[in-house]
Amino acid sequence: MTLKPLEIYKLLPKKNCKECGDPTCLTFAMKLSGGKAKPEACPYLDENAKTILGASTRPPVRKIRIGVGERAITIGEELVQFRHEKSFFHEPGIFIAVNDTMTAEAIQERVIFVRDGILTRVGTDLRLSGIGIRSLAGSPEPFARAVGAVESVADLPEVLMAGDPAVMEAGLFVCGNYRPLIHAASPSQYREMCRLAKKYGCPLALKADTLDSLAELSGHCTAEGVENLVLDLSSPSLHAMLNASTAVRQHAISRTTPALGYPVCIDTSRGGHADASLITGVTKFGSVLVCDDLPEASRKAVLVLRQNIYTDPQKPIQITPGLYRVGTPGRDAPVLLTVNFSLTFFTLQGYLEASRVPCFMLIVDTEGLSVLTAVASGKLHEALVRDAIAKYGLAGEVSHRTLIIPGYAAPLSGRIEEAIGWKVLVGPRDAADIAEFLEKEWKT
Amino acid sequence: MMGLSTLSEWTGRIGELVIGASHAEGGTRSHVVRIGGERDLPYIGTHPSGHKPLVAYELADDPSLWPAAATRYIGDWVHDTADWAAYAEKEYTPDLIRLHLTSTRHRGFSDTSRIGTTIESVLQATRLPLIVEGSDDPAMDSAVYQKIGEAAEGERILLGTAEAGRYRSVAAAAMAYGHSVIAQSPIDINLAKQLNILLRETGLPSDRIAIDPYTGALGYGFEYSYSVMERIRYSALKGDTDLAMPMISSATDSLTVKEVREAQGSEAEKTAVAWELYSMLPATIAGASIVCVRHPLSIAGLKSAIDSLWNGENVEGV
């Protein structure tokens, strides 16, 4: 478990020498506890303190990088079992697989799809992460050719999937300098795979039949000098996969079994549940998810699920305040006020689009709070509305002087009306009722 | 994988809730379903504790107030609620039917006797256990829930939906006619707990409450619902008996989100199904015992994924 600041403080020299760069030992202890400083920064630690702090400040799930350049991904470094305890930090990489029996053209088509596909949501670009390359032919040349075909069109992170070290070496000869994940070492050939991982400085995935033998194997690999490891927990049974990934996370963060303190890899093509396997991997601790061709609907859904699960639960996603248009609103179109909590914004926007009434959305800055909480906490108030109307030039956009406010902001209607000098209409509480409301109540 | 296993140090247990009554119990259902009973996280353990999550198919007595993506696929069956239910049971084999009385949403609705007839005809048309959603207007709640309760007497239905501001009519109908209640709170563990306490104070036993923490659609707040479900399950397993009721989750807005509305041609069906699967399967992983969908093609995929998560059954036999 992570030590508390005071527990760490007891192990420090308490000289406040400032040589670590911090003003006092206590502030240094607080940084150590939060993982924001390294124990080595203190020159006066005794051996005992070094051992304890070294073990307790290292992230319980090792941080690994796959790929190089702009699209490289970082995985691991997770601290909790449930996202509500703090947050999940590094979202899983989703890798689309090609194999060495495909033509170069077919491979390139799939790679370009991963390279160029973007889904923009809540102001963020969501993309698939990289390419898995499977050895099916079982010999070095076709594998090297397939890797070459991938490399010819993109600089994406790669997972090289071959159980034969000779085949793996042929692939690494082509792309080994771009830090692909080597997949995978097993108890029978791990020495060979470790040699390759060291030679090319690549992370290494491990496969074994049980969690015990996986822990044992990771011990062997670190003894060989390979520390950037990933644990493969693929199984045709979703039950086995979920139980294994949960066990690995529990053993890692409780530091019960440090040999399991590595990110998890799942090949979702095992068994007949590609979607369900992806879902399980995204929600429950997968970090490298390899899937065969992903249908468009599944691609969108999994990118959005990944974004949802890896959103910091303490930080609501915010929309830039301003005047937004739905359709092509004229000068007599209704104006609806709401807050800049993205969920509120997108929900209302969706229902307004469905209503087919062109209109303006006036979005004010409530620091990402929903209507209900913004009203309760005083973050939504008449001065904010008045200033937003002036700032975004609303009076010049419409010929009328009527503002529709959310149902939950009804207690503010009088004060807003007074502050802005416009007529205020109280809208429905539920965005789902907005079409009916506009139909019945909206007259300029 | 064998050997090292999950670490469980739970003391609590989720209560059990029964839906449906067989002939022997005074009802007419071919089978009854049990939910809850877990002593660990969802699907965890060599043999997971408690009961497997179930899939409910949602339909509406007035299809004009139902998402187009759901009714389009079913076609003409939607014009007769009983036919719709019977067809869905036979073609798509959900575990339960959830009937939304959308006719009560019309302004000035007063025809409660028609609700009674609808429920009786649906009960005759399907042998599956039933969930019924009544009105959402306090002014008519009392009459509507009284009628639902009466029409389904003896069938031990799950009756929705109680909220903090309006729960008495639902609870009264459930107690008078032997049904259970869905208790919905707005994505907030404390409000969920508070409502359970309020319901208990009306005299409704804990084993007749299902928690609905409200589920935002995928991409539209789903993560808040996902975490509230995890927190509720966690607190219950830690021993909080006021939260130890099974949960129900519905992808209510999935079929009206922008992604589904804007998808063209056959992509529309696929996106609708993906949006339901990618929110309802995670809901079971977070702790929901009943997940509800509106697109009939979502049912088979969800049931087979739940089977594989539950006992490792591998449909493809790989």
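Above this note sits the structure.
Below or above, wherever it landed, is the structure these notes cover. Here the structure is a predicted model, which means the values were calculated and not measured.

Glancing now at the overall build of chain B. From N to C terminus, chain B includes 10 helices and 10 strands. A compact globule built from 318 residues would reach a C-alpha radius of gyration of about 20 Å, and chain B, at 19 Å, matches this within 12%. Based on the C-alpha atoms only, the size of chain B along its principal axes is roughly 60 × 50 × 40 Å. Residues classed as buried in chain B amount to 57% of the 318 residues present. Restricting the contact set of chain B to residue pairs at least 6 apart, pairs at least 24 apart contribute 69%.

Let's shift gears to the overall build of chain A. Helix and strand counts for chain A stand at 17 helices and 17 strands. Seen through its principal axes, chain A has C-alpha atoms that stretch 75 × 65 × 35 Å. The proportion of buried residues among the 444 residues of chain A is 49%. A separation of at least 24 residues holds for 64% of the contacts in chain A among residues at least 6 apart in sequence.

Taken together, the 46 residues of chain B in the interface contact 52 residues of chain A. Residue assignment for the side of chain B that touches chain A shows that the elements contributing at least two residues are helix H7 (222-237), helix H8 (258-262), helix H9 (266-286) and helix H10 (298-311) of chain B. Here the element with the most residues in the side of chain B that touches chain A is H9(B); it accounts for 10 residues. In terms of residue class, the side of chain B that touches chain A is made up of 24 nonpolar, 13 polar and nine charged.

Let us now look at unusual backbone geometry. At the junction of His183(A) and Ala184(A), the peptide bond is cis and its omega measures out at 10° in the coordinates. By the element assignment, Ala184(A) lies in strand E8 (residues 181-185). Cis geometry marks the peptide bond from Gly160(B) to Thr161(B); its omega dihedral reads 0°. Topologically, Thr161(B) is positioned in strand E6 (residues 158-162). Positive phi values are uncommon outside glycine, yet Lys14(A) reaches one of about 55°. Under the C-beta neighbour-count criterion, Lys14(A) is labelled partly exposed, with 13 such atoms within 10 Å. A positive phi is found at Lys18(A), a non-glycine position, where the angle reads about 70°. When you line up the elements, Lys18(A) lands in the loop between helix H1 (5-11) and helix H2 (25-33).

Residues and elements named next belong to chain B. A large share of strand E3 (residues 54-60) lies buried, amounting to seven of its seven residues. Alignment of E3 against strand E10 (residues 288-293), held across four bridges, turns out to be parallel. Note on E10: the bridge partner recorded for Leu54 is Ile290. Where E3 lies against strand E4 (residues 96-100), five bridges are found, and the strand directions are parallel. Bridge pairing in E4 links Leu59 to Leu99.

On to the environment of Ala69(B). Residues and elements named next belong to chain B. Within the fold, Ala69 resides in helix H1 (residues 68-74). Classification of Ala69 by C-beta neighbours within 10 Å gives buried; the count is 23. A C-alpha to C-alpha distance of 7.7 Å links Ala69 and Thr256, two positions 187 residues apart in sequence. Look past the residues within four positions of Ala69 in its chain and what remains in contact with it is Leu255, Val260, Ala268, Ala272 and His295.

Parameters and conventions
All residue numbers refer to position in the chain's written sequence, counted from 1. By the order in which they are written, chains take letters starting at A while ligands take numbers starting at 1. Side-chain atom pairs in this predicted model are given and counted only at pLDDT of 80 or more, local residue features only at pLDDT of at least 70, and totals for whole chains, interfaces and linings cover all residues. Here a helix means four or more residues in a row that DSSP labels H or I, a strand means two or more in a row labelled E, and each is numbered from the N terminus. Here the radius of gyration uses the C-alpha set of atoms, whereas the globule reference equals 2.2 Å times the residue count to the power 0.38. Once C-beta atoms are placed from the backbone, each residue is buried if 20 or more other C-beta atoms lie within 10 Å of its own, exposed if 12 or fewer, and partly exposed for counts between those two. By the convention adopted here, residues are in contact when the distance between their C-beta atoms, placed from the backbone, does not exceed 7 Å. Any residue outside Ala, Val, Leu, Ile, Met, Phe, Trp, Tyr, Cys, Pro, Asp, Glu, Lys and Arg is labelled polar, Gly included; the first ten of those are nonpolar and the last four are charged. Any two strands with at least two DSSP bridges between them are considered paired.

These results come straight from atomic positions and should not be treated as a statement about function.
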